[in-house]
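Each chain, letter by letter, is given below.
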Amino acid sequence: MNLKGIDLKGRSFLTLKDYSKEEILYMIDLAAQLKAKKKRGEVGHLLEGKNIVLIFDKTSTRTRCSFEVAAFDEGAHATFLTNSQMGKKESIEDTARVLGRMYDGIEYRGFDMRVCEDLRDYSGVPVFNGLTDDDHPTQVLADFLTAREHLDKPLDEMKMAYIGDGRNNVAMALMIGAAKVGMDFAIGTPRELFPSEEFMSLVDSYASESGSDLMVTTDPYEAVEDADVIYTDVWVSMGEEDKMEERIALLRDYQVTMDLMNATGKKTTLFEHCLPSFHDLETVVSRDVAAKYGEKYDLKSGEMEVTDEVFRCPRSVVFDEAENRMHTIKAVLVSHLTDKR
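Parameters at a glance
- Residues numbered from 1 in each chain as written.
- Predicted model: local features only at pLDDT ≥ 70, side-chain atom pairs only at ≥ 80, totals over all residues.
- Heavy atoms only, no water.
- Pairing = 2+ DSSP bridges.
- Helix = DSSP H or I, 4+ residues; strand = E, 2+ residues; numbered from the N terminus.
- Axes fitted to C-alpha atoms, helices over the stretch in contact; angles between N-to-C directions.
- Contact = heavy atoms within 4.5 Å.
- Buried < 20%, exposed > 50% of the residue type's maximum accessible area, 1.4 Å probe, protein only.
- Salt bridge = Lys/Arg side-chain N within 4 Å of Asp/Glu carboxyl O.

Just to check I follow, could you spell out the sheet that holds strand β2 (residues 77–81) for this structure?
Working definition: the strands of a sheet are paired by backbone hydrogen bonds and lie parallel or antiparallel to each other. Taking strand neighbours across the sheet as the criterion, the four strands line up as β2-β1-β3-β4 in an open arrangement whose pairing is parallel. Looking at strand neighbours, the two that pair on one side only are β2 and β4 (127–131), the edges of this open sheet. The sheet shows a mean angle of 20° between the axes of neighbouring strands, direction not considered. Where helix α4 (residues 113–123) meets the sheet, it contacts β3 (105–109) and β4, and its direction lies at approximately 165° from that of β4.

Right, dumping it as structure tokens:
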């Protein structure tokens, strides 16, 4: 674990497009170190005197809790801003200029990446992307740390397969990260949900440097061949709820089942999911889907993107991922707000 020679202090963390392989691995290594430190019960002081504001235009469980606990663990203070005037009675530029006078860093979770960029450009302090419609970089760090913890090999010797909506923010963020670090990455998705040609051209340029092998296919079984990790996400992203039946019709054959898990040819293949997940009838949404579409699409069990059997199986590491959101976000905060280690 080499934590020397990389300086990220003062930068904004908006997308892994902005980072080299070495910088991404550095953040993951730092997260592992900070995780071990927390497990030993050591009190952190790396962010003492720092103040961070958290702005959420989309709902959140893991991202909000991770940023708050990560900040508190290392001595920072966090403000969860729920009733600001930003975008309503005050422009993003003006809000950014105000917050930049009071805070050392700003986290934003919402829809448009341009909001993150405006906050960065006008605040004068580091801005952290907690999720936008096009990207989810903090999630990728947690997913990669989790895979590395469970598989006895480096990231550039792994293959990950994403099954589901191939142009959602998590799928694209994972492909960016994989292409940067040299991980082989495949997406199994209907042609209607293929990533754009522009996006594929960009990640192909990263892959040509790192040695990553990228694939997009309509055949989920082709995608998972020899995969070390199978990954999925919900079929309908936040803000697209009106497309529920359309996505069910497109993605019904892209459910992660135990048969698909076994199709990798490896008994060690992990299952990852960013959560929340619809794998049973224990949510309002899954019960509503079962009531409306269960008969037509055979979804009476509430299982959508993944079966309950896979979600709960020993190879499912979804809750390790959830915990690692906090450790990797802590690494992002520490590395971008201070030069202490």
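Back to the text.
Explain the sheet that holds strand β6 (residues 184–188) to me, please; I cannot follow it from the model alone.
Strand order in the open sheet formed by five strands is β7-β6-β5-β8-β9, and the pairing between neighbours is parallel. Edge positions in the sheet fall to β7 (214–217) and β9 (270–273), since each has one partner strand and no second. Each strand of the sheet is rotated relative to its neighbour by a mean of 20°, with strand direction disregarded.

Whenever I open this one, unusual backbone geometry confuses me. Can you help?
With the exception of glycine, most residues fall at negative phi, and the peptide bonds are largely trans. Cis geometry is found at the peptide bond from L275 to P276, where omega equals 5°. In this fold, P276 is placed in the loop between β9 and α11 (284–297). One non-glycine residue with positive phi stands out, namely D226, at about 70°. Mapped onto the secondary structure, D226 falls in the loop between α8 (220–224) and β8 (229–232). Residue classification places D226 among the partly exposed residues on the basis of a relative accessible area of 43%.

What is the right way to look at the pattern of salt bridges in this model?
Side chains bearing opposite charge may pair, as long as their charged atoms lie close to each other. Counted by the stated rule, this structure contains 27 salt bridges. Residues R120 and D121 are paired through a salt bridge, measuring 2.9 Å at the closest nitrogen-oxygen approach. In this structure R120 comes out as partly exposed when scored by relative accessible area, which is 33%. Between D228 and K266 there is a salt bridge, and its shortest N-O distance comes to 2.9 Å. Placement of D228 in the loop between α8 and β8 and of K266 in the loop between α10 (258–262) and β9 is noted, with a sequence separation of 38 residues between them. Across the pair, K266 and D228 agree in class, each one buried.

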